[in-house]
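A closer look at the structure
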Amino acid sequence: MKLFDCPNCGHRLYFENAQCLSCSSLVLYDPDEARFLLAGAGGVFECGNADECACNWRAEPDHVFCRACALNQLIPDLSVDGNRRRWIRVEAAKKRAIYSLLGFGLPVAPKTGPDDETGLAFDFLADPIGAGPGGERILTGHDNGLITLNVAEADSAERERRRVEMGENYRTLLGHFRHEFGHYYWDRLIRDDAGRLSTFRALFGDERADYEQALKTYYADGAPPDWQQRHISAYATSHPWEDWAETWAHHLHITDTLEMVHALNFPLGRLETVDAQAVPRGDTGGHFQPAPADPVPVPEPFGKILARWLVLSEASNSINRCMGLPDLYPFVISDVTAQKLTFVHDLLTGTPKERGTIREQAKAP
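Residues numbered from 1 in each chain as written. Predicted model: local features only at pLDDT ≥ 70, side-chain atom pairs only at ≥ 80, totals over all residues. Heavy atoms only, no water.

**What to know about the side chain of Asp116**
As a reminder, the rule being used: Numbering of helices and strands runs from the N terminus; a helix is a DSSP stretch of H or I covering at least four residues, while a strand is a stretch of E covering at least two. The rule is simple: take the accessible area with a 1.4 Å probe, protein chains only, and divide by the maximum for that residue type; under 20% is buried, over 50% is exposed, in between is partly exposed. Within this scheme the basic residues Lys and Arg register as positive and the acidic residues Asp and Glu register as negative, but His and the chain ends are omitted. Definition used for salt bridges: Asp or Glu carboxyl oxygen within 4 Å of a side-chain nitrogen of Lys or Arg. The definition of a polar contact used here is a pair of N or O atoms within 3.5 Å, where within protein one atom must be able to donate a hydrogen and the other to accept one, and adjacent residues in sequence count solely through side-chain atom pairs. Any two residues whose heavy atoms approach within 4.5 Å at even a single point are treated as in contact.
Residue placement: Asp116 occurs in the loop between helix H2 (83–103) and strand E6 (121–125). At 5.2 Å, Lys111 is the nearest oppositely charged side chain to Asp116, a buried residue that forms no salt bridge. At a separation of 2.9 Å, a polar atom in the side chain of Asp116 contacts the main-chain amide nitrogen of Thr112. Within the local environment of Asp116, its side chain forms a polar contact with the backbone nitrogen of Thr118, the two atoms lying 2.9 Å apart. Among residues more than four places away in sequence, those in contact with Asp116 are Pro110, Lys111 and Asn144.

So this is what it looks like as structure tokens:
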């Protein structure tokens, strides 16, 4: 994630802002240009969900909704107390996840109909009212481009209960979206490419193994004792598809966080020279001077990215412990896991020709 500037006065804006706190200008995020625009200027209009779920993205030209809200197929029943608040939180996490996808040049387009398996759609649902123990539950998951999410995950207490119940180190709305996007893009980028599929199987295993049985076995027996030597999470051991989705999600966790660190100009061993120092800006209440933008983005080898990430995660975990908080990043990246993360990274940041091929394949029916 980056830091942004007000198009009117240049004051700092954050990704969720809809109004500049300095000049009071109403602003809207433009996902195509990755910057904020003045609302109402030059045909820039707010999304139809601006008043419904606090959407701060511009509407697509000649459309009611923004690029992110246009993906919604079902939203929670807003007559149920608390569902609007949950939906607002869900949408905020979804937009952060989509920001990363667009940054890597991945296609993000809505389904054109019920038989469209290449487009994206979201169902944000809640458990039936009165559903007791053992009753019907809405499960978060992916099915041919349709991502379903239980809006109960937007409640911190409920999400924490499920995290403990599932024995997970980490569980967030943003993590859910990134994981499910991993399933979606596996279908788009790997499934029908023989070369990538062969490499995938060498790293993650054979996805043709019975998926339902693999999950049953995992939930019955748990992960093997040495799972951290080969996987990023315990759940990643359940099936190669889940290993891929977990690894994909962690790649987005790492790259998005490091992008923000760079925007704040915190040096973490970057190879390029950083002239400006991380000094407080007097006009923004102690924020840090952003680093200058790279003139030409050049993909880095993942090894260099991982080196910076290990520095940041160790520092962040240590700071959290000083505050009596859980580790920010409670995971171990083994050599095998690093190879898997490198595969994801190379897939997303290959040569321009390779990236163009990825985009075309992802669009293909």
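Still to come is the rest of the account.
**Quick word on the side chain of Lys340**
Relative to the helices and strands, Lys340 is located in helix H9 (residues 335–348). At 2.6 Å, the side chain of Lys340 forms a polar contact with the side chain of Asp243. Once you skip the residues sitting within four places of it in the chain, Lys340 turns out to touch Leu203, Phe204, Arg230, His231, Asp243 and Thr247.

**With respect to the nonpolar core**
Put simply, the rule is: We call a set of buried residues a nonpolar core when its members are Ala, Val, Leu, Ile, Met, Phe, Trp, Tyr or Cys and they connect through side-chain atoms within 4.5 Å of each other.
Within the largest apolar cluster, 54 residues are counted, with the highest numbers of intra-cluster contacts made by Phe177, Phe181, Tyr185, Ile190, Trp244 and Trp248. Sorting the residues of this core by element identifies strand E3 (27–30), H2, E6, strand E8 (146–150), helix H4 (173–189), helix H5 (194–204), helix H7 (240–263) and H9 as the ones contributing at least two each. If near-sequence neighbours (up to four positions away) are discounted, Phe177 is found in contact with Val90, Ala93, Lys94, Ala97, Phe122, Phe124 and Leu149. The next biggest cluster of nonpolar side chains, apart from the first, holds 16 residues, and it includes Ile254, Ile305, Phe331 and Ile333.

**Description of the packing of H7 against H9**
We apply this condition: Note on geometry: axes are lines fitted to C-alpha atoms, helical ones only across the stretch in contact, with angles between N-to-C directions running from 0 to 180 degrees. Any angle that falls under 35 degrees is termed roughly parallel, while one over 145 is termed roughly antiparallel, one within 65 to 115 roughly perpendicular, and all others oblique. What makes a crossing left-handed is the near helix being turned counterclockwise from the far one by less than a right angle; a clockwise turn instead makes it right-handed. Under the grouping applied here, Gly and all other residues not named as nonpolar or charged are polar, the nonpolar ones being Ala, Val, Leu, Ile, Met, Phe, Trp, Tyr, Cys and Pro and the charged ones Asp, Glu, Lys and Arg.
Taken N-terminus to C-terminus, the directions of H7 and H9 make an angle of 70 degrees; their axes are 9 Å apart at the nearest point. Classed by the angle they form, the pair H7 and H9 counts as roughly perpendicular. Judged by the sense of rotation from one axis to the other, the crossing of H7 with H9 is right-handed. From H7, Asp243, Trp244, Thr247, Trp248, His250, His251 and Ile254 reach across to H9, where they touch Lys340, Leu341, Phe343, Val344, His345, Leu347 and Leu348. Classifying every residue of the contact of H7 with H9 gives eight nonpolar, four polar and two charged.

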